Amino acid sequence: MSTELTMLAWAIVLGLVHFSIAAVLSAAGRGLGGAAGPRDGTPPPVGPLAARMARASANFMETFAFFAAAVLAVMVAGKSSETTMLGAQIYFWARVAYIPAYAVAVPFLRTLVWAVSLAGLVMVLIGLFN
């Protein structure tokens, strides 16, 4: 399997990790009844960490669709290169780093890590035009 597709597969796993962290922290904050209930009405608020992890998960999903499309387009077009391979790896590892970066809430760190992941995504996309 190509490097790009391997990173895509691991990014899918990472998406499940994001989702799981957010879900577990939300359930812990709201209690089992809130997590298992019908969720009618306004849910009780969660703590800051649970809220940050829910936002991190949503942010991952926002970029993942573009990453997946770029990787698949590179594969279909037969445009795999050193740049697309490196870009896919940068995207993935930056998205891994995004979880703790968002969790610790250090000013500008989350934004820097997000920008690095976006640079990796752009590297994959650039491969389509070379």
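Residues numbered from 1 in each chain as written. Predicted model: local features only at pLDDT ≥ 70, side-chain atom pairs only at ≥ 80, totals over all residues. Heavy atoms only, no water.

A. Fine view of the overall build of the chain. The helix and strand tally for the chain stands at 4 helices and 0 strands. In the chain, the succession of helices and strands from N to C terminus is α-α-α-α. Based on the C-alpha atoms only, the size of the chain along its principal axes is roughly 50 × 30 × 20 Å. A buried classification covers 30% of the 130 residues belonging to the chain. Taking all contacts inside the chain whose residues are at least 6 apart in sequence as the whole, residues at least 24 apart take part in 83%. Accessible surface computed for the chain: about 7,300 Å², of which carbon and sulfur atoms make up 74%. Separation between the mean location of the 7 positive side-chain charges and that of the 4 negative ones in the chain comes to 11 Å. (Helix = DSSP H or I, 4+ residues; strand = E, 2+ residues; numbered from the N terminus. Buried < 20%, exposed > 50% of the residue type's maximum accessible area, 1.4 Å probe, protein only. Contact = heavy atoms within 4.5 Å. Areas by Shrake-Rupley, 256 points an atom, 1.4 Å probe, with all protein chains shown as cover. Lys, Arg positive; Asp, Glu negative; His and termini not counted. Charge placed at Lys NZ, Arg CZ, Asp CG, Glu CD.)

B. Broad picture of the side chain of Asn 59. Take Asn 59: it is sitting in helix H2 (residues 48-77). Judged by relative accessible area, which is 14%, Asn 59 ranks as buried. With sequence-adjacent residues up to four places away left out, Asn 59 is seen in contact with Arg 95, Tyr 98 and Trp 114.

C. Seen up close, the environment of Met 1. Residue placement: Met 1 occurs in the segment before helix H1 (3-36). On the accessibility criterion, Met 1 (75% relative accessible area) is exposed. When the C-alpha atoms of Met 1 and Ala 54 are compared, they prove to be 32 Å apart, with 53 residues separating the residues in sequence.

D. Highlighting a nonpolar patch on the surface. On the surface, a nonpolar cluster with roughly 400 Å² of combined accessible area is contributed by Val 104, Val 106, Leu 109, Leu 112 and Val 116. For the nonpolar patch, the element with the most residues is helix H4 (residues 109-126), which contributes 3 residues. One can find Val 106 in the loop between helix H3 (82-104) and H4. Overall, the relative accessible area of 42% leaves Val 106 in the partly exposed class. (Patch = residues over 30% accessible without salt bridge, like charges linked within 9 Å, V, L, I, M, F, W, Y side chains within 5 Å. Salt bridge = Lys/Arg side-chain N within 4 Å of Asp/Glu carboxyl O.)

E. The packing of H3 against H4, seen in detail. It is at 7 Å that the axes of H3 and H4 come closest, and there the two elements cross at 160°. Classified by the angle between their axes, H3 and H4 sit roughly antiparallel to one another. The two elements H3 and H4 meet at a crossing, and its hand is left-handed. When the residues that make up the contact of H3 with H4 are grouped by side-chain class, the tally is 17 nonpolar, 5 polar and 2 charged. (Axes fitted to C-alpha atoms, helices over the stretch in contact; angles between N-to-C directions. Parallel < 35°, antiparallel > 145°, perpendicular 65-115°, else oblique. Left-handed = near helix turned anticlockwise from the far one by under 90°. Nonpolar A, V, L, I, M, F, W, Y, C, P; charged D, E, K, R; others polar.)

F. Broad picture of the environment of Ala 105. Relative to the elements of secondary structure, Ala 105 occurs in the loop between H3 and H4. Since its relative accessible area comes to 44%, Ala 105 is described here as partly exposed.

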